[in-house]
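Overview (structure and organization)
Now for the letters of each chain:
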Amino acid sequence: MSLIHFRMLILFTAIGISNLTSSLIAAEKLIVIDRESHKVEGKTTFEKSFTAQKNATEFALLFDLNLHKPSSGGYWNIQINDTLLGKLEAHIPQIDSNPEQDEFHRIGFAVPANVLKEGENKLSVTGRGQPAVLRNLVLDGRPLRQTLQLEKVTVKVNTPEGKPVPARITVVNEQGQLSKLYYAQKSTTAVRPGILYTLGTGDSFELPPGKYTLYATRGMEWGVDRQPIVVESNKPLNQTLVISREVDTTGFIACDSHIHTLPGSGHGNATFEERMITIAGEGIEVAIATDHNHISDYSGYQNRTGTSKYFHSISGDEVTTHNGHFTAFPLDPEQAVPGGVKGRNPLFLKQENWGELIADMRTKGAEVVILNHPYWPSIPDGPFGRLHFNRSTGQRNAGPEFNFNGYEVVQPANKTPDFYYALEDWMSLLNRGLKLTAVGATDSHTVNSPVGQARTYLKSTTDDISQITPGEVCHAFTAGRAVASAGIFANLKLNRQFNMGDLVPAEALRKDSQTQPSKLKATLRVAAPSWVRPREVMLYLNGKQVAQKNIDSVPNQPTDQTLEFSLELPPHDAYLVAFVLGDGITLPGWTTYGKASQAITNPIFLDIDGDSKYSAPRATAQTLIANYEKQHEKLTPALQDKLLDSTAVKADSAILLHVKDLLKPSTDQQPQ
C-alpha cells in the first residue's frame, strides 16, 4: 500500500469514528419537543417543529396521553416528517377506579431509522378522533424496546382439561388502569390498550417493567382467572391461565343480535377479522351481523381466522334511519338492503316510514325484525319519546303500527334512569296486546366493548354449533322462547312442564277438586358465574309484581339455584314473567356495561277462561265492556262507575287500567 493510500485510509477511518461518536452522542441525548399539554379534538390538531440530527438507528417518541373514549371510525394519527408512526388509542377508565388518580398514560412509538433529518423536523397529530390530551413529548435516541425496557409476556388460556379456549385477556397496572400492550398484533388476535382477544393457543405482548394483573374471561358462562405478574427486564414470562365453564345453559344458545364492524358500518374500530376473534372470545354461539344499512357475511372471515367451530353466524342488517333503527335477519348479502341498494349505503336511509321499511325487510327474507335501543340517544329523543309513548297504557299519540317481533329491553345503549324502566314499558305493551319478545343485545362497535355483555338465550334443540339452523334461531325469537340477559341466566317454568312462549291450557291450571283454590307452581332457575352476584327475583302477572325472593348468592362462587313459587290463579287470562336483578359488574373486561346485572324471561301465557287462546288485559277489558253493554242500553256515567267497581274488573289492576282508558272518548283512535 502506498503512503498516500495509507493516509487516506487513516482519514476515512477518523471520519467514520467521528460520525459514529456523533451518532452515539446524539443517541444519548433526550430531545425535548414540547412539555406543555395540548388538546386535539374536532378539527383542532397539533403540530410542532423541533431541531434534530439524522437518526441512523431507531429512536423512540415518548409522551403522556389522556384518551378515554375509543375511536369510532376515525383516529388521531401521529407522524414525524410525514412518516406515520401509529395511531392514538383509548385507555378506557375502569368502573370504580379512583377518580383522583392521574389519567395520563406514558406511551411510546418507534421512530424508524432515517425518519429524522438534519435541522428542522415536524411532529404532527392529524385525523379525527375522540378528544385527547398530549403532554411531555420527547425523543429518546434509543430503540423503543430499549427505551421502555420492554419485556415479552406470553399467555395461554386453557380449560381445566388443558385444552386451549378463546378468551379475552385484560391487563391492568397497579392502579387498575388498562396498560398499553406493545408488539402484540397478529391475525388471530384483537388488541387494544389493556385488551388481548386470543384463541388461547399462546400469544405474546410486551410490557415495561412493573406490577400487573392478568384477567382471563370468556363471557358470562365462564369463570375468571386472575394472575398477578411482575415484569422485569431480560426476564421473559410465560403464563397459562385456566378458566372453566361455570354456568350450564344446556338447551339454550347464546345470541348477540346486534354487532358491528368498521368496514361494514363505517364507524367503530373492529375489523372483520378482529370481530370474529372477539365473538369467539366472549362465548357467543350465534352472531347476527348487523352493520348499518349493509349486509355483511361473516362466514369467510370465520374460515380465515379459524373461528367457524366456535359460533354460527347469520347475515342481517341494522336498518338505520333518523326515525329509528331495526335489526332484520336473515338477509342475503348478495341482495339489496331493505330501503336501499346492494352494497354500500348511507348511514341513514331517506325512507323513514316504518310500515314500508318493515314490509321491505319481510319481502327481502327477514323473519325477525327487532326495534333497537328505543331509549337512545335519550328517552325524549328515542323512538318511544318521539311517539309520545304512554308508559301506563302503552298507547302512542303518533306513529306507525308496532309490527316488529321484539325490541331491545336489555341494552347498554338504552339511556334509562334505572333497570326497571325498560321492563315496565315492555310489560305495558304486553298488557296492550302486543306480542313483543324481550331481547338482549350489545350494539358493540369496538373491540373494547365486549360482544355479548347483553345477550339473548334462545331455546334450542341442539348445543352443537354445527347443528344450529337459522330457522330455529328465528323461531325462538318470534315465539318468545328466549331470555334477555346481562350477566345472569334464568329459566322460568310453570307447573314444571310449560316454558317461555307456551300457552298453558285451562285444564292444566285447575285441580281435580274444585273445593280447593287453584295455585300456580312456578320454578325459576337462576345461574351466574362466580364474578356476578344475583340478588333478588321478582315475578309479574300482567305487569304486577306478585312475588319476590332474595337469592343466597355467595361472593366469588357460581350461583345455580332453583326457586319455587306458589301463586294465586289469576281471574282472567294473564302472562307470567320473571325479573332477576344483581350487582353491577366491576371485573376488568366487563366493566363497561353498567351498575346492575339482570335477566328478563319472556312470558308464559295462561288461558284462564278456557277458550284455547290468550287474551291480553286490554282485550279482556274490551270484552268486559262489551258484555256489560249487552246488559244495558247505554253506559251512563253511573253504570260506568258500577262497571269499574265490579269484581271482574277490579280483580286485575291492568284490566282496570284499560277499562278506564277504553271508556275515555276517542281512545280507540290511538295506534295499537
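Because the structure is predicted, anything quoted here is derived from the model rather than measured.

Turning our eyes to something else, we now look at the overall build of the protein chain. Within the protein chain one finds 13 helices and 37 strands. Overall, the protein chain is about 130 × 55 × 50 Å in size when its C-alpha atoms are taken along their principal axes. Within the span of the protein chain, comprising 672 residues, buried residues form 56% of the whole. Within the protein chain, contacts between residues at least 6 apart in sequence are counted, and of these 76% link residues at least 24 apart. Distance from the positive charge centre (65 side chains) to the negative charge centre (71 side chains) of the protein chain: 3 Å.

It is worth spelling out helix H4 (residues 272-281) at this point. The element H4 is largely enclosed, with a buried count of nine among its 10 residues. Within the sequence span of H4, burial applies to Phe-272, Glu-274, Arg-275, Met-276, Ile-277, Thr-278, Ile-279, Ala-280 and Gly-281. A positive phi of about 70 degrees marks Gly-283, the residue just after H4.

Moving on, we come to the environment of Thr-586. Along the chain, the position of Thr-586 falls in the loop between strand S35 (574-583) and strand S36 (596-601). Among the residues examined, Thr-586 registers a relative accessible area of 40% and is labelled partly exposed. Linking Thr-586 and Pro-412, residues 174 residues apart in sequence, is a C-alpha distance of 15 Å.

Here we take up the side chain of Asn-542. With respect to the helices and strands, the residue Asn-542 is situated in the loop between strand S32 (534-541) and strand S33 (544-550). Given the relative accessible area of 2%, Asn-542 is considered buried. A distance of 2.8 Å separates the side chain of Asn-542 from the side chain of Asp-652, its partner in a polar contact.

Turning our eyes to something else, we now look at the pairing of S32. By the criterion of burial, S32 is predominantly enclosed, with six of the eight residues buried. Of the pairings in the sheet, the one linking S32 to S35 comprises seven bridges and is antiparallel in character. Opposite Leu-541, over in S35, you have Leu-576 as the bridge partner. Relative to S33, S32 runs antiparallel, the two sharing six bridges. Of the residues in S33, the one forming a bridge with Leu-539 is Ala-547. Hairpin connection, S32 to S33: the antiparallel pair is bridged by two residues, and Asn-542 has positive phi, about 50 degrees.

With that out of the way, let us pick up the sheet that holds strand S34 (residues 559-568). The strand order across the open sheet built from four strands is S29-S28-S31-S34, with neighbouring strands paired in antiparallel fashion. Each edge of the open sheet is held by one strand with a lone partner, namely strand S29 (498-499) and S34. Examined bridge by bridge, strand S28 (residues 489-494) and S29 share two bridges and lie antiparallel to one another. Counterpart to Lys-493 in the pairing with S29 is Asn-499.

The next subject is helix H6 (residues 354-363). Along an α-helix, a turn takes 3.6 residues, which lines up residues three or four apart on a common side. Among the residues of H6, those classed as buried are Trp-354, Leu-357, Ile-358, Asp-360 and Met-361. Each buried residue of H6 lies within a common arc of 155 degrees when the element is viewed along its axis, so the set occupies one face. Buried positions along H6 lie against strand S21 (317-321), strand S22 (324-329), strand S23 (368-371) and helix H7 (383-386). One side-chain oxygen at the N-terminal end of H6 lies 3.0 Å from the backbone nitrogen of Gly-355; it belongs to Asn-353.

What holds strands together in a sheet is hydrogen bonding between their backbones, with the strands either parallel or antiparallel. Ordered in space as S3-S8-S5-S6, the four strands form an open sheet in which the pairing is antiparallel. Two strands in the sheet have a free side with no partner beyond their single neighbour: strand S3 (46-52) and strand S6 (83-87). If you compare each strand with its neighbour and ignore which way they point, the axes differ by 25 degrees on average. Sheet topology places S3 next to strand S8 (residues 119-127); seven bridges connect them, and they run antiparallel. Paired with Lys-48 across the two strands is Leu-123, which belongs to S8.

All right, on to the nonpolar core then. Counting 101 residues, the largest nonpolar core has Phe-63 and Leu-539 as the members making the most contacts within it. Every residue in contact with Phe-63, bar those within four places of it in the chain, is listed here: Ile-78, Leu-88, His-105, Arg-106, Ile-107, Phe-109, Leu-134, Arg-135, Asn-136 and Leu-137. Trp-354, Ile-358, Phe-579 and Tyr-593 belong to the second largest nonpolar core, which has 46 residues in total.

With that settled, the discussion passes to the packing of aromatic side chains. Summed over all chains, the structure comprises 18 aromatic pairs. Seen from their ring centres, Phe-402 and Phe-404 are 5.0 Å apart, and the 40 degrees between their planes marks the pair as tilted. Comparing Phe-402 with Phe-404 shows no difference in burial state: the two are buried. Pairing Trp-531 with Trp-590 gives two aromatic rings, centres 5.2 Å apart and planes at 75 degrees, and the pair type is edge-to-face. Of this pair, Trp-531 sits in the loop between strand S31 (519-528) and S32 while Trp-590 sits in the loop between S35 and S36, placing them 59 residues apart in sequence. Owing to a relative accessible area of 1%, Trp-590 belongs among the buried residues under this scheme. Among the aromatic side chains, those forming a connected cluster through ring pairs are Phe-326, Trp-354, Tyr-375, Phe-384, Phe-389, Phe-402, Phe-404, Tyr-407 and Tyr-421. Across from the ring centre of Phe-104, 3.7 Å away, lies the NZ or CZ of Arg-135, which sits over that ring. Lying over the aromatic face of Tyr-183, Arg-145 brings its terminal NZ or CZ to 3.7 Å of the ring centre.

Thresholds, definitions, all that
- Residues numbered from 1 in each chain as written.
- Predicted model: local features only at pLDDT ≥ 70, side-chain atom pairs only at ≥ 80, totals over all residues.
- Heavy atoms only, no water.
- Helix = DSSP H or I, 4+ residues; strand = E, 2+ residues; numbered from the N terminus.
- Buried < 20%, exposed > 50% of the residue type's maximum accessible area, 1.4 Å probe, protein only.
- Contact = heavy atoms within 4.5 Å.
- Lys, Arg positive; Asp, Glu negative; His and termini not counted.
- Charge placed at Lys NZ, Arg CZ, Asp CG, Glu CD.
- Polar contact = N/O pair within 3.5 Å; in protein donor to acceptor, adjacent residues only side chain to side chain.
- Pairing = 2+ DSSP bridges.
- Arc of directions from axis to C-beta.
- Axes fitted to C-alpha atoms, helices over the stretch in contact; angles between N-to-C directions.
- Core = buried A, V, L, I, M, F, W, Y, C linked by side-chain atoms within 4.5 Å.
- Phe/Tyr/Trp six-rings, centres within 6.5 Å; stacked < 30°, edge-to-face > 60°.
- Lys NZ or Arg CZ within 6 Å of the ring centre and 35° of its normal.

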